[in-house]
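Now for the letters of each chain:
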Amino acid sequence: MLSYQHAYHAGNFADVHKHLTLFAVIDYLLRKDSPITYMDTHAGRGLYPLAAVETARLGEYREGIARLWQVRARLRDDPLLGDWLAAVGRVQARDGRLDHYPGSPWWLSQRLRTQDRVMLFELHPGEHSHLAEQALPGRVERVHGDGLTGLVKRLPVPTPRLCVLLDPSYERKAEYGEVVETLLAAMHKARHAVMLVWYPLLPAGHHRTLLEGLRDGGLRKIWRSELTRHAPGTRGMHGSGMLVVNPPWGLDARLATAMARLTPLLGDACRYHSDWWVGE
Ligand code: SAM
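Residues numbered from 1 in each chain as written. Predicted model: local features only at pLDDT ≥ 70, side-chain atom pairs only at ≥ 80, totals over all residues.

(A) Seen up close, the sheet that holds strand E1 (residues 36–40). Spatially, the 8 strands line up as an open sheet ordered E5-E4-E1-E6-E7-E9-E8-E10, and their pairing is mixed. Edge positions in the sheet fall to strand E5 (140–144) and strand E10 (271–278), since each has one partner strand and no second. Geometrically, the sheet is characterised by an average inter-axis angle of 15° between neighbouring strands, direction not taken into account. Across 5 bridges, the pairing between E1 and strand E6 (residues 161–166) is parallel. The residue bridging Tyr38 from the neighbouring strand is Cys163, located in E6. Across the face of the sheet, helix H7 (residues 125–133) comes into contact with strand E4 (117–122) and E5 while running at roughly 155° to E4. The sheet contacts of helix H9 (residues 174–189) involve E6, strand E7 (194–201) and strand E9 (239–245), and relative to E7 the element is tilted by about 170°. (Pairing = 2+ DSSP bridges. Helix = DSSP H or I, 4+ residues; strand = E, 2+ residues; numbered from the N terminus. Axes fitted to C-alpha atoms, helices over the stretch in contact; angles between N-to-C directions. Contact = placed C-beta atoms within 7 Å.)

Right, dumping it as structure tokens:
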């Protein structure tokens, strides 16, 4: 059963955390010329008009991207936040007005060079049709199918470098374990890949299955970053988590600087924390 639609949540605080981290990783990878394959196992639509019925209904972007957009001139001096907000500006229909928010397919393809490629997986037929309609620059392949099995099946890739985003909706509890199995299988076939995994922080704490499964699976170099909006309540997502396997050198410091600027804008109780979940 697939009922999750990212359009209801596009541009929220978790998207800001996820896409800023992804942007910072890509920025490091682009410092070298060697070709990169990007894979997005759970792509969603690609670009979200904020006035769409679904997105306007919950309006979660108002407590996410909109808070940063309002003060973007003040954030320009932070190299990461400044560049990231300038990139958000490139998808707006009209200068100065926030009317769209880009999803991971756009973030992965926005700086594709001729030697790079991106592969996007989306299982939901309706979401995949939206994705198929998006104009994305560069060598982009869109697959209507399961991103977890699709990723492992396509490894190793023909390029020397690989960067993967795994961003399930976790509608089923079993997905936490499936992500662990997929990641272990994928890292076995592509040991030097940079893999990013997003997970929600929910009162039930099911993300521990993911964290503990990866640690017990024997992977090394797993960096963790968590952005919390408030203390865990009885329901609802209180935070957003990211794991990066094989993070580029310097990622931690660069994100910490950006997050120190960003967290007070997202709310008084908002906190950021990062550490090595599994070291070298
Ligand atoms: N990565 C997107 C972004 O950052 O803009 C958001 C993706 S959303 C959290 C998860 C998406 O995965 C949904 O569009 C859902 O339809 C899709 N999905 C769910 N299970 C899937 C699977 N096994 N393979 C591929 N896509 C799947």
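(B) Spatial organisation of the pairing of E9. The buried fraction of E9 is high, at 7 of 7 residues. Burial of the side chains of E9 extends over both faces: Gly239, Gly241, Leu243 and Val245 are buried on one face and Ser240, Met242 and Val244 on the other. Direction of pairing for E7 relative to E9: antiparallel, over a ladder of 7 bridges. Paired with Met195 across the strands is Val245, a residue of E9. Relative to E9, strand E8 (residues 222–228) runs antiparallel, the two sharing 7 bridges. Across the sheet, residue Ile222 finds its bridge partner in E9, namely Val245. (Buried ≥ 20, exposed ≤ 12 C-beta atoms within 10 Å, placed from the backbone.)

(C) Region of interest: the pairing of E4. Of all 6 residues in E4, 6 are buried, a share of seventy percent or more. With burial as the criterion, each face of E4 is covered, one bearing Arg117, Met119 and Phe121 and the other bearing Val118, Leu120 and Glu122. You can see the chain leave E4, run along H7 and come back into E5, and the turn it takes is right-handed. (Right-handed = clockwise from strand over helix to strand, strands pointing away.)

By themselves, these are just geometric observations and shouldn't be taken as functional.
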